[in-house]
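Remarks on the overall topology
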Amino acid sequence: MTGIAESYLGENKIELARNEALNALSIAEQLNFAKLKLKLLTILAEAEEKDGNITKAFYYQKQRLVLKDTLEKEDVKKKVMELDVRYQSALKDAQIVQMGKEKEIQELEVEKKSILIYFLAGILLALVTISFLGYRNFRNKQKLAGQTALLQTQRIKELELEKQLIAYNSLL
């Protein structure tokens, strides 16, 4: 569509170029093709300027500038939104990494506490075992001492009885 209008304009067939550009502009507006509309407004401004209609040329040129500004603003807005999405994504990625590090730190702390608990449980078990063995050793020594005292008492009684027998036998 624009090619035909440009061709007519290049051949100085201004009326045909204008009509073709206006028809194409109508279609571009219905289909909301802003970039096509921008090109067609340029063609119309040039056609009107060549035809000597400076007012209409200015009108089309002004519409073209307004549309161009709008497109540029939309483009900037789109780029800002893309940058914001990238920023938000990077921020979320950083938060995920931070959360991962925090989780790793918590896991290490739990592991450290577990090792400490196992160490203290081992020490407690060793103390209980040493205490039990010490008590059993003490009890065995007391039994042995008691048995030794009992044996000594029996030996003393036997010796006294033997002495009495010898004394009795000597009397007889």
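Note that the structure is predicted; figures quoted are calculated from it, not measured.

Once that is clear, we can look at the overall build of the protein chain. Along the protein chain, the regular secondary structure elements total four helices and zero strands. Along its sequence from the N terminus, the protein chain presents helices and strands in the succession α-α-α-α. With the principal axes as the frame, the protein chain shows a C-alpha extent of 175 × 20 × 20 Å. Residues classed as buried in the protein chain amount to 13% of the 172 residues present. Considering only residue pairs separated by 6 or more positions, the protein chain has 46% of its internal contacts joining residues 24 or more positions apart. Counting only carbon and sulfur atoms, one obtains 61% of the accessible surface of the protein chain, whose full area is about 14,400 Å².

Moving on: the pattern of salt bridges. Taken as a whole and assessed by the stated rule, the structure comprises eight salt bridges. Linking lysine 37 and glutamate 29 is a salt bridge whose minimum nitrogen-to-oxygen distance equals 3.4 Å. Relative accessible area serves as the criterion here: at 24%, lysine 37 is assigned to the partly exposed category. Each of Glu15, Arg18, Glu48 and Asp51 takes part in a single network of salt bridges with overlapping partners.

It is worth spelling out the packing of helix H1 (residues 2-10) against helix H3 (residues 34-51) at this point. Packing of H1 against H3 leaves a shortest axis separation of 11 Å and a crossing angle of 15°. With respect to their mutual orientation, H1 and H3 come out roughly parallel. Once H1 is placed against H3, the crossing between them reads as left-handed. Along the contact surface, H1 presents Thr2, Ala5, Glu6 and Leu9, while H3 presents Leu36, Lys39, Leu40, Ile43, Glu46, Ala47 and Lys50. Its residues assigned to classes, the contact of H1 with H3 shows six nonpolar, one polar and four charged.

Moving on to the nonpolar core. Core analysis: the biggest nonpolar cluster contains 18 residues, and Ala21, Leu40 and Ile43 have the highest contact counts within it. By residue number, the principal contributor to this core is H3, which donates seven residues. In this structure alanine 21 touches Ala5, Leu40, Ile43 and Leu44, once residues within four positions along its chain are discounted.

Right, let's get into the confidence of the model for the protein chain. The predicted model of the protein chain has a mean per-residue pLDDT of 93, with 99% of residues at 70 or higher. Summarising per-element confidence for the protein chain, the mean pLDDT is lowest in H1 (86) and highest in helix H4 (residues 54-171) (94).

Together, Leu116, Phe119, Leu120, Ile123 and Leu127 make up an exposed nonpolar region whose accessible area comes to about 490 Å². Within the fold, leucine 127 resides in helix H4.

Rules of the game
Residues numbered from 1 in each chain as written. Predicted model: local features only at pLDDT ≥ 70, side-chain atom pairs only at ≥ 80, totals over all residues. Heavy atoms only, no water. Helix = DSSP H or I, 4+ residues; strand = E, 2+ residues; numbered from the N terminus. Buried < 20%, exposed > 50% of the residue type's maximum accessible area, 1.4 Å probe, protein only. Contact = heavy atoms within 4.5 Å. Areas by Shrake-Rupley, 256 points an atom, 1.4 Å probe, with all protein chains shown as cover. Salt bridge = Lys/Arg side-chain N within 4 Å of Asp/Glu carboxyl O. Axes fitted to C-alpha atoms, helices over the stretch in contact; angles between N-to-C directions. Parallel < 35°, antiparallel > 145°, perpendicular 65-115°, else oblique. Left-handed = near helix turned anticlockwise from the far one by under 90°. Nonpolar A, V, L, I, M, F, W, Y, C, P; charged D, E, K, R; others polar. Core = buried A, V, L, I, M, F, W, Y, C linked by side-chain atoms within 4.5 Å. pLDDT = per-residue confidence, 0-100. Patch = residues over 30% accessible without salt bridge, like charges linked within 9 Å, V, L, I, M, F, W, Y side chains within 5 Å.

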